[in-house]
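Residues per chain, in single letters:
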Amino acid sequence: MVKYNILVLLLLPPLLFTCLVSCNNLVQNSCKEASNGDPNLSYEFCFACLESNPKSENASNLEELVVVSLELAISNATNICCKISNLLKEEKYSNYTESALQDCLELYLDAKSTLVDARNDFNSSTINDYQKASVEVSSAMDASTTCEDGFDDEEKQGNSTHEVSPLEKENKVFFELTVIPLAFINMLH
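What you see is a predicted model; the values in this text were computed from it and never measured.

1. Some details on the overall build of the protein chain
No. 1: Scanning the protein chain from terminus to terminus reveals seven helices and zero strands.
No. 2: Reading the secondary structure of the protein chain in the N-to-C direction produces α-α-α-α-α-α-α.
No. 3: Per-residue burial over the protein chain gives 41% buried out of 189 residues.
No. 4: Across the protein chain, the fraction of contacts at a sequence separation of at least 24, relative to all contacts at a separation of at least 6, is 71%.
No. 5: Just so you have it, the protein chain exposes about 10,600 Å², and 54% of that area is on carbon and sulfur atoms.

Take a look at the structure:
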């Protein structure tokens, strides 16, 4: 029994290290290939997002990283909806900005639902559903640019009380988060 325990103690650390290195390599290699193939994706952003998520450590292939990245985007959409709801409660914005925030809330609620559909379609594991998931992620991605454009419209209309988008950072991050699963899905084709 003592020999068995010593053997386990000797073999366990290298096995754990090997798993961590191979999981880390999967994230590194996937992010590198994805960022090389998509000008909208930065390697550093992709790697930082996935490395910070414990589920990435358990991913053994690109398909599992797609699901992790979709879940990150869904979570981010949920957080943005909460932020918008809180901003609307503050009642400190012009009518135009408040209206733009309402539009953004609807866009992100739809994006969240669409990303959930994309995850479900992707998990069905057929090529046609991968393509459908890709289209759905692309559709959800548009929420960020459409939301931001809603604030830019105020400036184009010559409104002298133009307020900077309170969601500029969130829109940029969401866009980049949706690029990750889209690039990964495209790598599977």
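2. Brief notes about the packing of helix 2 (residues 43-51) against helix 7 (residues 168-188)
No. 1: Closest axis-to-axis distance for the helix 2/helix 7 pair is 10 Å, and the angle between their directions is 85°. Compared by their axis directions, helix 2 and helix 7 come out roughly perpendicular. Contacts between helix 2 and helix 7 involve Phe 45, Cys 46, Cys 49 and Leu 50 from the first element and Val 173, Glu 176, Leu 177, Ile 180 and Phe 184 from the second.
No. 2: In terms of residue class, the contact of helix 2 with helix 7 is made up of eight nonpolar, no polar and one charged.

3. What about the confidence of the model for the protein chain?
No. 1: Averaged over all residues, the pLDDT of the protein chain equals 86, while 81% of them reach at least 70.
No. 2: The model gives residues 1-23 a pLDDT under 50, and that stretch makes five contacts with residues more than four places away or in other chains.

4. Description of the side chain of Glu 176
No. 1: One can find Glu 176 in helix 7.
No. 2: What makes Glu 176 buried here is its relative accessible area of 11%.
No. 3: The residues contacting Glu 176, other than those within four sequence positions of it, are Asn 40, Leu 41 and Phe 45.

5. As for the packing of aromatic side chains
No. 1: Here the structure, examined in full by the defined rule, presents three aromatic pairs.
No. 2: Seen from their ring centres, Tyr 43 and Phe 47 are 5.8 Å apart, and the 15° between their planes marks the pair as stacked. Remark: Phe 47 and Tyr 43 occur in helix 2; sequence separation between them is four residues, near one turn of the helix.
No. 3: Looking at Tyr 43, the relative accessible area reads 25%, which means it is partly exposed.

6. A word on the side chain of Ser 134
No. 1: In this structure, Ser 134 sits in helix 6 (residues 127-156).
No. 2: Owing to a relative accessible area of 10%, Ser 134 belongs among the buried residues under this scheme.
No. 3: Excluding residues within four positions of it along the chain, Ser 134 makes contact with Leu 182, Ile 185 and Asn 186.

7. Observations regarding the environment of Glu 57
No. 1: Relative to the helices and strands, Glu 57 is located in helix 3 (residues 54-57).
No. 2: For the pair Glu 57 and Leu 26, spaced 31 residues apart in sequence, the C-alpha to C-alpha distance is 9.1 Å.

8. So, the state of the cysteines
No. 1: Here the structure, examined in full by the defined rule, presents two disulfides.
No. 2: Between the sulfur atoms of Cys 31 and its disulfide mate Cys 46 the distance is 2.1 Å. Looking along the S-S bond of the Cys 31-Cys 46 disulfide, the torsion reads about -70°, which is the left-handed sense. Pair noted here: Cys 31 is in helix 1 (residues 2-37) and Cys 46 is in helix 2, with a separation of 15 residues, a long-range link.
No. 3: Residue classification places Cys 31 among the buried positions, given a relative accessible area of 0%.
No. 4: Look at Cys 46 and you get buried, because its relative accessible area is 0%.
No. 5: Across the disulfide from Cys 104 sits Cys 147; the S-S distance is 2.0 Å. The S-S bond linking Cys 104 to Cys 147 shows a torsion near 100°; that makes this disulfide right-handed. Of this pair, Cys 104 sits in helix 5 (residues 95-123) while Cys 147 sits in helix 6, and the two are 43 residues apart along the sequence.

Parameters and conventions
- Residues numbered from 1 in each chain as written.
- Predicted model: local features only at pLDDT ≥ 70, side-chain atom pairs only at ≥ 80, totals over all residues.
- Heavy atoms only, no water.
- Helix = DSSP H or I, 4+ residues; strand = E, 2+ residues; numbered from the N terminus.
- Buried < 20%, exposed > 50% of the residue type's maximum accessible area, 1.4 Å probe, protein only.
- Contact = heavy atoms within 4.5 Å.
- Areas by Shrake-Rupley, 256 points an atom, 1.4 Å probe, with all protein chains shown as cover.
- Axes fitted to C-alpha atoms, helices over the stretch in contact; angles between N-to-C directions.
- Parallel < 35°, antiparallel > 145°, perpendicular 65-115°, else oblique.
- Nonpolar A, V, L, I, M, F, W, Y, C, P; charged D, E, K, R; others polar.
- pLDDT = per-residue confidence, 0-100.
- Phe/Tyr/Trp six-rings, centres within 6.5 Å; stacked < 30°, edge-to-face > 60°.
- Disulfide = S-S within 2.5 Å.

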